[in-house]
Amino acid sequence: MRAFTISCVGLLVVIAATHISFCDGNSNVLCVESEKQALLKFKQNLIDHSNRLSSWVEDEDCCEWIGVVCNNLTGHVYQLHLGLLRPDNDAPIAEWVAYFRSRLAGKINPSLLDLKRLRFLDLSNNDFEGEIPEFIGSLKSLTYLSLSWANFHGAIPHQLGNLSNLRYLDLGYNAQSETNTLQWVSGLSSLRYLDLTQANLSKATDWLQVTSRLPSLVDLHLSGCNLNDNSPPVSVNYTSLAVLDLSWNMFSSVPAWIFSLPSLVSIDLGSNLFSSSSIPSQFSNFIQLQFLGLSGVGLQGNFSCVIGNLTSLAHLDLSHNQLENIEPRCLESLCNLREMDLSNNRIHHEVSEIIESLSRLDRLVSLNVASNKLYGQLTDQLGQFKSLAYLTLSGNTISGHIPFSIGKLSLLKVLDVSFNRLNGTLTQSLGQLGNLETLDWKYTGMDGLVTSSQDLWF
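Residues numbered from 1 in each chain as written. Predicted model: local features only at pLDDT ≥ 70, side-chain atom pairs only at ≥ 80, totals over all residues. Heavy atoms only, no water.

**What about the side chain of Asp 317?**
Positionally, Asp 317 belongs in strand S17 (residues 315–317). On the basis of relative accessible area, Asp 317 is assigned to the buried category, the value being 5%. At 2.7 Å, the side chain of Asp 317 forms a polar contact with the side chain of Ser 319. (Helix = DSSP H or I, 4+ residues; strand = E, 2+ residues; numbered from the N terminus. Buried < 20%, exposed > 50% of the residue type's maximum accessible area, 1.4 Å probe, protein only. Polar contact = N/O pair within 3.5 Å; in protein donor to acceptor, adjacent residues only side chain to side chain.)

Encoded structure:
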């Protein structure tokens, strides 16, 4: 579920950038000649296996080149969109092959410094060599910089701290990048979005002190950064923070300072092995919280009713823990819940009890309770979840038939009941599911044949 983590700034910035690239058409004036030459020099140092930059030629207006956006009054280049969209993890192999072939490689030429008006630079999802170039810190007009998934490694240059106009900075998923201090970030007073995912910050003990003093920071993503409990005690002053991702670090407990930020709307602490097996009661104060990620943090025993107080919650991930029991009353107030992942726990319940406890959650789109200890039979109450698109029940000991009422789930796209003890024949009501794309019922003992996502044979 981590892919659903809320980002208040990132999406808005991308939408805005897309809007600008179409609205500021490049038809009124020609590009500035010196900037065209700078871009041609930049291209010379790139390796372009898929010929993405074939439009970048001397005798064409550079404002018409792919990925280049100019101001339609002055002709100055002010945006470079050379990033790629990364395929979903479960995308077809052919899509991944096309993605890897389309990545730009080589080196980034300092000729970019001649683009004096450049405000937007996206080089994400490419395959560049070496460290992030220091000269990028001299592109003083930048407000948006994305170098994520670009295969940079080594020290993050402190010169990036000179980009005082920067609002969006994404250096995430350059797995071998590192920095001994985040003091350089303190110069980015306009920053609203910061992503350093997988950068090694084990020596940057000032990370909390520095980031908490950024007055405009809304989104902070520090997943997989080797952070731990050893940061010096500081007075935390996140005045604008709404989204916090500290997943895949080495915290032994929920950092106490988090509870001083009741306005958070998204918290992801997944894959930190906490010494406590229960959810702290202070979580009930996060009345605006919409996303909570506590996957793989060592929770045990009962599903905490603390979560039942989070009435704004839309996405809940408690997968890969050792939860055993759920009290229905703890779920009844989660009326805004859209996605719930309880997979890979030890929940020992009749599956009908789980369905009944969730029956009031009429906005639920995705439910994953795979790999637990659910038993008993599915009931017709399953047909009440009219918004459900993804239902995963695999890896339990559910028996009996799939109820006929499942045909009422007209939005269902994925149904996985594999590795259970179901029997009989696949109910014909599945034929009513016009949106069904994936049906997995292997190792269940049921009879039936599915030849395509839209053509079910019984």
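Having seen the structure, we can now continue with the description.
**What to know about the packing of aromatic side chains**
This structure, assessed with the given rule, holds 16 aromatic pairs. Considering the side-chain rings of Phe 42 and Trp 56, the 6.3 Å spacing of their centres and the 40 degrees angle between planes classify their relative orientation as tilted. Placement of the pair is Phe 42 in helix H2 (residues 33–44) and Trp 56 in the loop between strand S1 (46–48) and strand S2 (68–70), with a sequence separation of 14 residues. For the pair Phe 42 and Trp 56, a shared accessibility class is recorded, and that class is buried. With a centroid separation of 4.3 Å and 10 degrees between ring planes, the pair formed by Trp 149 and Tyr 173 is classed as stacked. With Trp 149 in the loop between strand S7 (144–146) and strand S8 (153–155) and Tyr 173 in the loop between strand S9 (168–170) and strand S10 (176–178), this residue pair connects regions lying 24 residues apart in the sequence. Given the relative accessible area of 31%, Tyr 173 is considered partly exposed. Members of the aromatic cluster, connected to one another through ring pairs, are Phe 120, Tyr 144, Tyr 168 and Tyr 193. When the ring centre of Trp 149 is taken as reference, the NZ or CZ atom of Arg 86 above it lies at 3.6 Å. (Phe/Tyr/Trp six-rings, centres within 6.5 Å; stacked < 30°, edge-to-face > 60°. Lys NZ or Arg CZ within 6 Å of the ring centre and 35° of its normal.)

**Observations regarding helix H3 (residues 93–102)**
Of all the positions in H3, only Trp 96, Tyr 99 and Ser 102 are classed as buried. For H3, the angular spread of buried residues about the axis comes to 130 degrees, placing them on one side. The exposed set on the far side of H3, more than 90 degrees from its buried face, consists of Ile 93, Ala 94, Val 97 and Arg 101. Taken together, the buried residues of H3 touch strand S4 (104–106). (Arc of directions from axis to C-beta. Contact = heavy atoms within 4.5 Å.)

**Details of H2**
Between the first and last C-alpha of H2 there are 17 Å, a value that for 12 residues agrees with the 16 Å anticipated at 1.5 Å per step. If you check which residues of H2 are buried, you get Glu 35, Lys 36, Ala 38, Leu 39, Leu 40 and Phe 42. (Expected span 1.5 Å × (residues − 1).)

**What to know about unusual backbone geometry**
With glycine set apart, most residues show a phi of negative sign, and most peptide bonds adopt trans. Phi angles above zero are rare outside glycine, and Trp 149 is one such case at about 50 degrees. In this structure Trp 149 comes out as partly exposed when scored by relative accessible area, which is 30%. Even without a glycine there, the phi angle at Asn 226 is positive, about 60 degrees. One can find Asn 226 in the loop between strand S12 (219–221) and strand S13 (243–245). Judged by relative accessible area, which is 33%, Asn 226 ranks as partly exposed.

**Digging into the environment of Asp 127**
Looking at where Asp 127 falls in the secondary structure, it is placed in strand S6 (residues 127–128). Sequence separation of Asp 127 and Asn 45 is 82 residues, and the distance between their C-alpha atoms is 13 Å. At 2.7 Å, the side chain of Asp 127 and the side chain of Asn 151 are in polar contact.

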